[in-house]
Amino acid sequence: MYLLVEKGTDGGFLTHHFITSYIRGGYKVCFLALTQSFGHYCSVAQKLGVSLQAARDRGQLVVFEGLVESLRIMVGTASQHEASPLYFLRNAQKGLMDLYLWVKGAMEPTNDADWKGSVLIVDDLSCFSILSVPLQAILHFVHYLRILLCVQLQGDLVMLVATADDCVDEEEEFLLKSLSHNSTVMVHVEGLSTGACKEVHGQMTVASPRKPSNVQVYQYKLLDKAIQLFPRGTSSAVL
Amino acid sequence: MAAPGRTSFQKSRIKIAQIPGTRPSLQNSQLLVSTGVPSLDYLLGGGLAVGTLLLIEEDAFGNYSRVLLKYFLAEGVVSHHGLFVASVDLHPDEICQSLPAVILEEPLAQGDRNAPQFGRSCAQPQVEPPTPVQTLSTEKEEMRIAWRYQNLPKVQNALRSDTRFGHNYDFSHTMEKERLQAIPCCTFYPPDLSISSGSSTLDTSALYQPLLRAIHSCVLDGGYDGSQGQPKNVLRLGLLSLGTGLWGDGVVCSKDPSATAPLTRFLLALRAVLRSSLSVALVTVPAHLFQSAAALRRVRHLSDYVLTLQSFVGSGMDANPLYHDYHEATSTSRPLGRSESTDESSKLGPVNLGWIFLFFWTIAPGFLAM
């Protein structure tokens, strides 16, 4: 399970990177796009050379468009009693069970060996806490997903979580701590503490909670089609 | 042989929608609209991208956020965009009637076009005193030497106000009524609504859902999502003072950040509307009333641009002679330019641009008289 943490800066480039590399690698990808529209990911992936629309058409990619669904529920075009994966928007007590069942339904029929493996990518798990889903419900949801993907289907789980520079949101901190306890690899992305720079866009720390000694810190720069990683202090602005 | 005045070489250009009042961004192919304040456009990287949400955290008395909203709406009127105004404490019609007048440049005088045009052998007709709208009609002299210029218009159109990006406004006059009436304008004023009980299917506050429905129907009716095949236009949404208790939510009443649920759900659904249509939204929230910083952070997370206003009036900073000429400070605290088709290279790092002083007294003639 990969945990991507963005702190104060925009870690979306990691999501794009993971989606495109898994699609290129021939995995079956289930993608929960909760904060951005599908068109956004499509256009970025097109720049990186992968067509998400084509992947969707041939069944390699299953996308849940959170924005469209939430609009449907909020505006009321969905009827009152229709079950929806985002039912928690109607009734907060319900929790995220419906969403989990949707994911299960999407991921299960992959026992045919067309694809190398399965992976679930969640863009912005902190979206749930922003929408005031209770912390317990989110943790249960993640636990169920982990069992489904990492144990039953032998696949990967990639989640993006956002935190803030100053620790104001206690729930987010608890969420982050519990998630990092269970994750295999944590990629922590933050901006430079000294301010914005043209050559270095931020700092990335790759750590594995199981092996605390193996922590790697890089600084990165986002290019048009790639991410350039270099050890701290060796950016082209300095050298 | 190519027609005079044209070459056969055509540069192939990417089809970018030609909507009045917008222009493509320099960094990527996003469509930008002006906020009405040219210096703010510059800060935002050229303008506000279509499909995004600009959050303004209000100052203590709400004056300047209202001013920014008026600039935004006035720019929409001048660029012939559609407007949607929602407010709960101030009637939207009052806002619309107090929009500032636009300052237009004088169109170019014909005599100024005597640029060196070598080879022109025919005499230009004598220049009359310039009038704003004057088309040269009768002179159809054959050009003997510069015949390639025959079919070009003799006078280039003066910069019409509709096609320029970003205008200057004057608060001492209000916008002409004719301009305002030419624009499709929808309003949402809760005291005018009859709240029908039992219609809300959510366990959230009663007012955000009707607002969302009104926005959604405005987008669909106006064809801003391209569904009806009308010529493309941009819808500007101005939502004043969301998050106060008057909207029926308890954000400002409790320290618990989960009380922001109605507002954040509304913002998420609003984002869905914005991304799926050609619209831009400007939302103001009274951030100084929020009791928990976590709540504010959540609201910020769902916006694309955040602008914090801090007024100097009454804050003791008046006394400092350094700040004497300025009326307020703003700071932006959000990575800019994050929306539809951002590519990896256009993302900036964490941006806290510090304090940027907006020169309200230079860009708003007549503002001090307000």
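Note that the coordinates shown come from a computational prediction; the quantities given were computed from them, not determined experimentally. Position labels on residues start from 1 in each chain and follow its written sequence. Written order decides the labels, with chains lettered from A and ligands numbered from 1. Per-residue local features are limited, in this predicted model, to residues with pLDDT of at least 70; the limit for side-chain atom pairs, both in listing and counting, is 80 or more; totals at the level of whole chains, interfaces and linings are taken over all residues. In computing side-chain properties, one takes all heavy atoms of the structure into account and sets aside hydrogens as well as water.

**Here we look at a nonpolar patch on the surface**
Residues Met97(A), Leu101(A) and Tyr144(A) make up a contiguous nonpolar surface patch of about 280 Å² in total accessible area. Only DSSP runs of H or I covering at least 4 residues are called helices, and only runs of E covering at least 2 are called strands; the numbering of each starts at the N terminus. Residue placement: Leu101(A) occurs in helix α5 (residues 97–107). By definition, no residue in a patch forms a salt bridge, and every one has over 30% relative accessible area; like charges are joined within 9 Å, nonpolar side chains (Val, Leu, Ile, Met, Phe, Trp, Tyr) within 5 Å. Note on areas: Shrake-Rupley, 1.4 Å probe, and residue coverage restricted to the protein chains presented here. Salt bridges are identified by distance alone: a Lys or Arg side-chain nitrogen within 4 Å of an Asp or Glu carboxyl oxygen.

**Comments concerning the packing of aromatic side chains**
Residue and element names in this part refer to chain A. Here is the rule: rings of Phe, Tyr and Trp (six-membered ring for Trp) pair when centre to centre is within 6.5 Å. Planes less than 30 degrees apart are stacked, more than 60 are edge-to-face, and the remainder are tilted. Throughout the structure, instances matching the rule amount to 8 aromatic pairs over all chains. Both rings, one in Tyr2 and one in Phe18, keep their centres 5.9 Å apart while their planes meet at 40°; by these two values the pair is tilted. Of this pair, Tyr2 sits in strand β1 (residues 2–7) while Phe18 sits in helix α1 (residues 12–24), and the two are 16 residues apart along the sequence. Each residue's exposure class comes from its accessible area (1.4 Å probe, protein chains only) as a fraction of the maximum for that residue type: buried when under 20%, exposed when over 50%, partly exposed otherwise. The class of Tyr2 is partly exposed, set by a relative accessible area of 26%.

**Things to note about the confidence of the model for chain B**
All names here are of chain B. Chain-level statistics for chain B give a pLDDT mean of 68 and a share of 61% at 70 or above. Note that residues 107–139 has pLDDT below 50 and, in this model, 28 contacts with residues that lie over four places away or in other chains. On a range of 0 to 100, pLDDT expresses the predictor's confidence in each residue. Here a residue-residue contact requires only that any non-hydrogen atoms of the pair lie within 4.5 Å. Per-residue pLDDT stays below 50 along residues 197–204; that stretch engages in 17 contacts with residues further than four places along the chain or on separate chains. Here the predicted complex scores 0.76 on pTM and 0.86 on ipTM.

**A short note on the sheet that holds β1(A)**
All names here are of chain A. Sheet architecture is open: 9 strands sit in the order β3-β2-β4-β5-β1-β6-β7-β8-β9, paired in mixed fashion. The sheet is open, and its two edges are formed by β3 (61–65) and β9 (227–231), each paired on a single side. Strand after strand, the sheet turns through a mean of 20° between neighbouring axes, direction not considered. Two strands are counted as paired when DSSP detects at least two bridges linking them. With 5 bridges joining them, strand β6 (residues 185–190) and strand β7 (residues 202–208) adopt antiparallel strand pairing. In the sheet register, Glu190 faces β7, and the bridge partner there is Gln203. Angles shown run from 0 to 180 degrees and are taken between the N-to-C directions of axes, each axis being a line fitted to C-alpha atoms and, for helices, limited to the stretch in contact.

**Some words on the sheet that holds strand β2 (residues 31–33) of chain B**
Residues and elements named next belong to chain B. Overall, antiparallel pairing links the 3 strands, which are arranged β1-β2-β3 in an open sheet. A strand with exactly one partner marks an edge of an open sheet, and here the two such strands are β1 (22–24) and β3 (48–49). Pairing between β1 and β2: 3 bridges, direction antiparallel. Pairing of Thr22 across the sheet is with Val33, part of β2.

**Remarks on the packing of α5(A) against helix α7 (residues 135–152) of chain A**
Residue and element names in this part refer to chain A. At a closest axis distance of 10 Å, the pairing of α5 and α7 adopts a crossing angle of 15°. It follows that α5 is roughly parallel to α7 by the angle criterion. Crossing of α5 against α7: the hand is right-handed. Each of Met97, Leu99, Tyr100, Val103, Lys104 and Met107 in α5 lies in contact with α7, whose residues at this interface are Phe141, Tyr144, Leu145, Leu148 and Leu149. Taken together, the residues of the contact of α5 with α7 break down into 10 nonpolar, no polar and 1 charged. For classification purposes, an angle smaller than 35 degrees is called roughly parallel, one larger than 145 roughly antiparallel, one from 65 to 115 roughly perpendicular, and anything else oblique. Two helices crossing with the near one rotated counterclockwise from the far one by less than a right angle form a left-handed crossing, whereas a clockwise rotation gives a right-handed crossing. Polar here means any residue outside two lists: the nonpolar Ala, Val, Leu, Ile, Met, Phe, Trp, Tyr, Cys and Pro, and the charged Asp, Glu, Lys and Arg; Gly therefore counts as polar.

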